[in-house]
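Per-entry structural report
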Amino acid sequence: TGYKLSVSPEMDIMEYCRKEWRGNTPVAKRMRKGYEAVAQKFASIRRIRGDNYCAFRATLFQALSQATQLPRWLQSEDFTMLPENLLSKYDWIKQWQLKQKPGKKMGEISDEIKEYLILLRKKWKNISEIKNPLEKQEACDKLFKNEEEEYSLYEALKFLMLNTAIELYNADKSGRRVPVFSWLLFARDTSSNPCQLMHNHLNHVGHSGGLEQVEMFLLAYALQYTIQVYRLYKYSTDEFITLYPNDPEEDWPVVTLITEDDRHYNIPVRMCQETML
């Protein structure tokens, strides 16, 4: 099999919709209405390759495409010390499921993850420093054609999600206020604490499953980005445009995704020029 594009070239949104949703079933009608609503704001769509990493791929691609600076949390000195610091407190993190690279000797888990975090910072910094929008887009396209690097970045995101989950769990246990999704995350039988979350969920993301909705909140918190999602099958309900988190911080940048089923995500691109009054 040839290499499948991670992020397909742009296509007109309504053209894409007509191709995907012919016919007159209620579902097709609703999807077309949903795409029409997205087309009020965005001109094109780019398909995201549909493996179990697509939520990461769509979110990170959008974040990098519009990055003009390094997020605060990526600038901090101790960012790359995260794996060592966490492992010194939580022995169970040793069971983190590292992505196996064929023919590569796995080193210490903290060294591996540190490598991924350093790569994330480097790529984010390089791309955010590119001023020319066309060159920035090219750099993003190039990054998402490099399978080895791309999957290392998802590994970094997953680890950041674990770190955020641990912070929220500890904050809640010590009586501090936490966002509502954090209760929901730990109210699941399969993730009543961060260790279970790792074993039963994060270790499987990308392999046997994608991100569940409550984990989209966790991703948003880890990145300190608001993830805005057009959920087309919810068209004409108040969940059609869903924000993760739903009470975002003022200064978090926003990325926009499209989903037809809460499992697979694509991205809208090229904001339509708002008619200036």
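Being a predicted model, the structure only gives us computed values, none of them experimental.

**Side note on the environment of Ile93**
Relative to the assigned elements, Ile93 resides in the loop between helix H5 (82-89) and helix H6 (109-128). Placed 102 residues apart in sequence, Ile93 and Cys195 show a C-alpha to C-alpha distance of 7.5 Å. Contact partners of Ile93, with chain neighbours within four places excluded, come to Leu86, Leu87, Ile109, Phe159, Leu162, Ile166 and Met198.

**Some words on the pattern of salt bridges**
The full count for this structure, using the stated rule, is 17 salt bridges. Glu215 is the salt-bridge partner of Arg188, the closest N and O atoms lying 2.9 Å from each other. Of this pair, Arg188 sits in the loop between helix H9 (180-187) and helix H10 (194-202) while Glu215 sits in helix H11 (residues 213-223), placing them 27 residues apart in sequence. Accessibility classification places Arg188 together with Glu215 in one group, the buried group. The partner of Arg263 in a salt bridge is Asp261, with the nearest N and O atoms 3.9 Å apart. In the salt-bridge network here, residues are joined through shared partners; they are Arg231, Lys234, Glu239 and Asp262.

**Regarding the sheet that holds strand E6 (residues 265-271)**
The strand order across the open sheet built from six strands is E1-E2-E6-E5-E3-E4, with neighbouring strands paired in mixed fashion. Strand pairing shows two members of the sheet lacking a second neighbour, strand E1 (11-12) and strand E4 (241-244), which therefore form its edges. Pairing of strand E3 (residues 226-231) with strand E5 (residues 254-259) involves six bridges; the strand directions are parallel. Of the residues in E5, the one forming a bridge with Tyr230 is Ile258. Helix-sheet contacts for helix H2 (residues 26-39) involve strand E2 (42-46), E3, E5 and E6, and the interaxial angle to E2 is about 120 degrees.

**Some thoughts on unusual backbone geometry**
Note that the residue after Tyr244, namely Pro245, is joined by a cis bond; omega there is -10 degrees. Within the element layout of this structure, Pro245 appears in the loop between E4 and E5. In this structure, Gln224 is a non-glycine residue whose phi angle is positive, near 55 degrees. Along the chain, the position of Gln224 falls in the loop between H11 and E3. Residue class for Gln224 comes out partly exposed when judged on its relative accessible area of 30%.

**Some remarks on the UniProt feature "active site" (unreviewed entry) in the protein chain**
As annotated in UniProt, the feature "active site" (unreviewed entry) corresponds to Asp51, Cys54 and His264 in the numbering used here. Across 214 residues in sequence, these annotated residues keep their C-alpha atoms within 8.4 Å of one another, forming a single compact spot. Here Asp51 is to be found in the loop between E2 and helix H3 (54-65). Classification of Asp51 by relative accessible area gives partly exposed; the value is 22%. The contacts of Asp51, once residues within four sequence positions are left out, are Arg57 and Tyr151. Relative to the helices and strands, His264 resides in the loop between E5 and E6.

**As for the UniProt feature "site: Linear diubiquitin binding" (unreviewed entry) in the protein chain**
Following the UniProt record, the feature "site: Linear diubiquitin binding" (unreviewed entry) maps to Glu239 here. Tracing the chain through its elements places Glu239 in the loop between E3 and E4. What makes Glu239 partly exposed here is its relative accessible area of 35%. For Glu239, the contacting residues outside a window of four places in its chain are Arg231 and Lys234.

**Describing a nonpolar patch on the surface**
On the surface, a cluster of nonpolar side chains totalling about 330 Å² of accessible area is made up of Val180, Trp183 and Leu184. Residue placement: Leu184 occurs in helix H9.

**Re the packing of aromatic side chains**
As enumerated under the stated definition, the model contains 19 aromatic pairs in all. Summarising the aromatic geometry, the rings of Trp96 and Phe159 are spaced 5.3 Å apart at their centres and angled 80 degrees between planes, so their arrangement reads as edge-to-face. In this pair, Trp96 sits in the loop between H5 and H6 while Phe159 sits in helix H8 (residues 147-173), placing the two residues 63 residues apart along the sequence. A residue is classified by how much of its surface remains accessible, and Trp96, at 5% relative accessible area, is buried. The interplanar angle of 10 degrees and the centroid separation of 5.4 Å between the aromatic rings of Phe181 and Phe217 together place this pair among those described as stacked. With Phe181 in helix H9 and Phe217 in helix H11, the pair connects residues that are 36 residues apart, well separated along the chain. Of the two residues, Phe181 and Phe217, both sit in the buried class. Members of the aromatic cluster, each reached through a chain of ring pairs, are Phe181, Phe217, Tyr221, Tyr244 and Trp252.

The rules behind these values
Position numbers for residues start from 1 in each chain and track the written sequence from start to end. In view of the model being predicted, local features appear only for residues whose pLDDT reaches at least 70, and side-chain atom pairs are presented and counted only at 80 or more, with totals across whole chains, interfaces and linings using the full set of residues. Calculated side-chain values reflect all of the structure's heavy atoms, with hydrogen atoms and water omitted. Elements are defined by DSSP. Helices are runs of H or I of four residues or more, strands are runs of E of two residues or more, and each kind is numbered from the N terminus. Contacts: residue pairs with any heavy atoms within 4.5 Å of one another. Any carboxyl oxygen of Asp or Glu that lies within 4 Å of a side-chain nitrogen of Lys or Arg is treated as forming a salt bridge with it. Using a 1.4 Å probe on the protein chains alone, a residue whose accessible area is under 20% of its type maximum counts as buried, one over 50% counts as exposed, and one in between counts as partly exposed. At least two bridges found by DSSP between two strands are what make those strands a pair. Each axis is a line fitted through C-alpha atoms, and for a helix only the stretch in contact is used; angles between axes span 0 to 180 degrees, taken between their N-to-C directions. UniProt positions are given in the numbering used here, feature names are shortened, and annotations may be inferred rather than shown by experiment. The residues that make up patches have over 30% relative accessible area and no salt bridge, and they are joined within 9 Å when like-charged or within 5 Å when they are Val, Leu, Ile, Met, Phe, Trp or Tyr. Working definition of accessibility: Shrake-Rupley area with a 1.4 Å probe, residue cover restricted to the visible protein chains. Note on ring pairs: Phe, Tyr and Trp rings are taken, using the six-membered ring of Trp, and paired if centres are within 6.5 Å. Classes follow the plane angle, with under 30 degrees stacked, over 60 edge-to-face and the rest tilted.

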